[in-house]
Amino acid sequence: MKSLFGKLADGTEVHSWALENGGTRLKVLSWGGVVQSLEIPDREGRYANVSLGFDTIEDYVAGSPYFGALIGRYGNRIAEGRFTLDGKSHQVSVNDGANSLHGGAEGFDKCVWDVEPFAKGSDVGLYLYRTSADGEMGYPGTLKTKVTYTLTRQGDWRIDYEATTDKTTVVNLTSHVYWNLAGENSGTVHDHELEIAASRYTPVDPGLIPTGEPADVAGTPFDFRRSKTVGEDLRVAHQQLLYSKGIDHNYVLDKGITGEPEHVATLRDPSSGRTMKIATTEPGLQFYSGNFLDGTLVGTGGSIYRQGDALCLETQHFPDSPNQPSFPSTLLRPGQTYRTTTVHSFLA
């Protein structure tokens, strides 16, 4: 179902698309490809929206911290917004202190996408299209992007990303849903149980840029190889936690890059029984513990969002990869097609 969600200041219409399949209910906006809500049942069959968001387009435009958004051209941070490709230096939009974050000041999260619904067999979904002009936010090449949101008959939410370019560029697309499996207005996620299949993570400097050398999670607050509560080690006196006011770090997934999605993380809310499993083809997972939610935003449930009221699990290539030769490459050349897939599976 398609409906008018609102209008931008220039009169551009923003539409909402409502999908339901396999017990999962999804609402998506044409603005930023935003997941405005995602509802799943608990162990008693009671539905709740498990993603943070807003009720109006005005709230999203005024200052959304990427709630539910499609992120591009480059998810996560690039140091000083600078990198070199084939001997040529490029300067992209800087919007996070000295660095570029999530594509810059006007990234893919702040654009209206072309949306086309589809039904294939027992699956339903949306195709989202956007062409980013050569030089947009400083990135080289005309980038043609197609993102497919699919709800399967099992209730899985699958995201397939595709992109092509006419000039050598860098690409790192992801989704920035803020998850709270107890419900988006239910308080903190510190009692959620999380497991991540990663033996290493990428430490950062005070600007949250990777230092370049992955470190073992063993013996640190970053060890989620066995399921533990999100809040168990969140207040341990560790320099990396001080830099990011919690966890906001890239995990080096043990599986590496794969041709098909493989399981990498499980998140469970004991109170409701809701569980989410994530599978991906990507080599990295950014775990962000909602550190910068500061009580200034009111969400769809009418509650103020505070620190730790949700967390993000963003499948990705690594931050600052264009400046880190040892990291998996985010380079995309003419004639190549960027493809990644992430699947979210829900149960209770």
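Computed from a predicted model, the values in this text were never measured in an experiment. (Residues numbered from 1 in each chain as written. Predicted model: local features only at pLDDT ≥ 70, side-chain atom pairs only at ≥ 80, totals over all residues. Heavy atoms only, no water.)

(A) Molecular detail of the overall build of the protein chain. Within the protein chain one finds 2 helices and 29 strands. For 348 residues, the compact-globule estimate of 2.2 N^0.38 gives 20 Å, and the C-alpha radius of gyration of the protein chain, at 19 Å, lies within 12% of that figure. Along the first, second and third principal axes, the C-alpha set of the protein chain runs to 60 × 50 × 40 Å. Across the 348 residues in the protein chain, those meeting the buried criterion constitute 56%. Here the contacts in the protein chain between residues at least 6 apart in sequence split such that 65% fall between residues at least 24 apart. Carbon and sulfur atoms form 47% of the exposed surface of the protein chain, whose accessible area is close to 13,700 Å². Of the charged side chains in the protein chain, 31 are positive and 43 negative; the average position of the first set lies 3 Å away from that of the second. (Helix = DSSP H or I, 4+ residues; strand = E, 2+ residues; numbered from the N terminus. Rg over C-alpha atoms; globule rule 2.2 N^0.38 Å. Buried < 20%, exposed > 50% of the residue type's maximum accessible area, 1.4 Å probe, protein only. Contact = heavy atoms within 4.5 Å. Areas by Shrake-Rupley, 256 points an atom, 1.4 Å probe, with all protein chains shown as cover. Lys, Arg positive; Asp, Glu negative; His and termini not counted. Charge placed at Lys NZ, Arg CZ, Asp CG, Glu CD.)

(B) Layout of the sheet that holds strand S29 (residues 338–347). Taken together, the 9 strands give an open sheet; going across it, the order is S11-S12-S13-S14-S29-S23-S22-S17-S20, and neighbouring strands pair in antiparallel fashion. Among the strands making up the open sheet, the edge pair consists of strand S11 (114–120) and strand S20 (228–229). (Pairing = 2+ DSSP bridges.)

(C) View of the pattern of salt bridges. Within the structure shown, the criterion is met by 14 salt bridges. The closest approach of N and O atoms between Arg82 and Glu80, which form a salt bridge, is 3.4 Å. A salt bridge links Asp223 to Arg225, with the shortest nitrogen-to-oxygen separation between them at 2.8 Å. On the basis of relative accessible area, Asp223 is assigned to the buried category, the value being 18%. Under the relative-accessibility criterion, Arg225 is labelled partly exposed at 37%. Salt bridges sharing common partners tie together Glu20, Arg25 and Glu39. (Salt bridge = Lys/Arg side-chain N within 4 Å of Asp/Glu carboxyl O.)

(D) Expanded view of the sheet that holds strand S21 (residues 248–252). Taken in spatial order, the 5 strands of this open sheet run S19-S18-S21-S24-S27, and their pairing is antiparallel. The sheet is open, and its two edges are formed by strand S19 (215–216) and strand S27 (312–316), each paired on a single side. Two elements, strand S24 (residues 284–288) and S27, share 5 bridges in a ladder whose sense is antiparallel. Among the inter-strand pairings, Phe287 is bridged to a residue of S27, identified as Leu313.

(E) Structural context of the side chain of Thr165. As for its placement among the helices and strands, Thr165 is situated in strand S14 (residues 157–165). Only 2.6 Å separates the side chain of Thr165 from the backbone oxygen of Lys167, close enough to count as a polar contact. Setting aside anything within four residues of it in sequence, one finds Thr165 in contact with Pro140, Gly141, Thr142, Leu143, Leu332, Arg333, Pro334 and Gly335. (Polar contact = N/O pair within 3.5 Å; in protein donor to acceptor, adjacent residues only side chain to side chain.)

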